[in-house]
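Close look at the chain arrangement
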Amino acid sequence: GQQVMQIPQYQHVQEGEDFTTYCNSSTTLSNIQWYKQRPGGHPVFLIQLVKSGEVKKQKRLTFQFGEAKKNSSLHITATQTTDVGTYFCAVTNTDKLIFGTGTRLQVFP
Amino acid sequence: DTAVSQTPKYLVTQMGNDKSIKCEQNLGHDTMYWYKQDSKKFLKIMFSYNNKELIINETVPNRFSPKSPDKAHLNLHINSLELGDSAVYFCASSQANEQFFGPGTRLTVL
């Protein structure tokens, strides 16, 4: 079946440092979504990317969809302690959402 | 004003028991899902219902039986619980692509 890998699995940063998580698919994607799950919480939708090479920004978060539509990245500039959580990419495959393996971000004050 | 709600939030039970988790959404969405999240945070779809009709069943043991009495509700019944069933179960709903998740039910099987 389709696999969606994310790297790194874990990332510890000092507050103020930047953070990037990468999502890679074995197949070409029609779209990609990103979700954030706070510790003890539930996944919350952040954004969807559809077009090849698309870049979208939400405040300190920058999302990018690869030109070949097989990978995506989420970059956080100047992390804050509120950014702590697990970030998942998710791809659509025949009416269902397949979630990536997730990147757990820890931010030290 | 909770969009997707689940009960109970925590469930601790003995191996071999039968238990149910309930889910309700007030968003008017047609599609609802059950996901399982294991201890390593892997999130995997179990079932999907569209307007009360089962559309996805992801090789889940038949001890798990979802039921959708109407399009706002999707319940999950689990028979003969096993240790490996311990996980967080999330209900979700969607209309287009974006999924809205419930708060989760943490199931612990002893």
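Because the structure is a prediction, the values reported are computed rather than measured. (Residues numbered from 1 in each chain as written. Chains lettered and ligands numbered in written order. Predicted model: local features only at pLDDT ≥ 70, side-chain atom pairs only at ≥ 80, totals over all residues. Heavy atoms only, no water.)

Residues and elements named next belong to chain A. Enumeration according to the criterion identifies two disulfides over all chains in this entry. Between Cys23 and Cys89 runs a disulfide, and the two sulfur atoms are separated by 2.0 Å. Looking down the S-S bond of the Cys23 and Cys89 bridge, the torsion is 70°, so its handedness is right-handed. Here Cys89 lies in strand β9 (residues 85–93) and Cys23 lies in strand β3 (residues 19–25), a separation of 66 residues in the sequence. (Disulfide = S-S within 2.5 Å. Helix = DSSP H or I, 4+ residues; strand = E, 2+ residues; numbered from the N terminus.)

Bringing the sheet that holds strand β1 (residues 4–7) of chain B into the picture now. Residue and element names in this part refer to chain B. Spatially, the four strands line up as an open sheet ordered β1-β3-β8-β7, and their pairing is antiparallel. The two strands at the open ends of the sheet, each matched to only one other strand, are β1 and β7 (64–70). Across the sheet, the mean angle separating the axes of adjacent strands is 20° when strand polarity is ignored. In this sheet, strand β3 (residues 19–25) lies alongside β1 in antiparallel orientation, the contact comprising four bridges. Bridged to Thr7 within β3 is Lys22. (Pairing = 2+ DSSP bridges. Axes fitted to C-alpha atoms, helices over the stretch in contact; angles between N-to-C directions.)

Attention shifts here to the pattern of salt bridges. Residues and elements named next belong to chain A. Scanning the model with the defined rule gives six salt bridges over all chains in all. In this structure, the salt-bridge partner of Glu54 is Lys56, at a minimum N-O distance of 3.6 Å. Owing to a relative accessible area of 16%, Glu54 belongs among the buried residues under this scheme. Since its relative accessible area comes to 31%, Lys56 is described here as partly exposed. (Salt bridge = Lys/Arg side-chain N within 4 Å of Asp/Glu carboxyl O. Buried < 20%, exposed > 50% of the residue type's maximum accessible area, 1.4 Å probe, protein only.)

In this section: the layout of surface pockets. Looking at the largest pocket, its volume works out to about 420 Å³. Every residue lining the largest pocket is counted, 18 residues in all, and those nearest its centre are Gln2, Ile98 and Phe99 of chain A together with Leu43 and Lys44 of chain B. Counting only elements with at least two residues in the lining of the largest pocket, the list comes to β1 (4–7) and β10 (96–99) of chain A together with β5 (43–50) of chain B. The greatest single-element share of the lining of the largest pocket, amounting to four residues, is contributed by β10 of chain A. Here the residues of the lining of the largest pocket are counted per class, giving eight nonpolar, five polar and five charged. (1 Å grid on protein atoms, 1.4 Å probe; cavity = no way out; pocket = protein on both sides within 12 Å on 5 of 7 lines; lining within 4 Å. Points joined across faces, edges and corners; volume = space filled by probe spheres on them. Nonpolar A, V, L, I, M, F, W, Y, C, P; charged D, E, K, R; others polar.)

Our focus in this paragraph is the nonpolar core. Most often, soluble globular proteins keep nonpolar side chains buried together rather than apart. All names here are of chain A. Core analysis: the biggest nonpolar cluster contains 22 residues, and Ile32, Trp34 and Phe63 have the highest contact counts within it. Put simply, the parts of the chain that give this core at least two residues each are β3, β4 (32–37), β5 (43–49), β7 (61–65), β8 (71–76), β9 and β11 (103–108). Once residues within four sequence positions are removed from consideration, Ile32 is found in contact with Cys23, Ile47, Gln48, Leu49, Phe65, Ser72, Cys89, Ala90 and Val91. (Core = buried A, V, L, I, M, F, W, Y, C linked by side-chain atoms within 4.5 Å. Contact = heavy atoms within 4.5 Å.)

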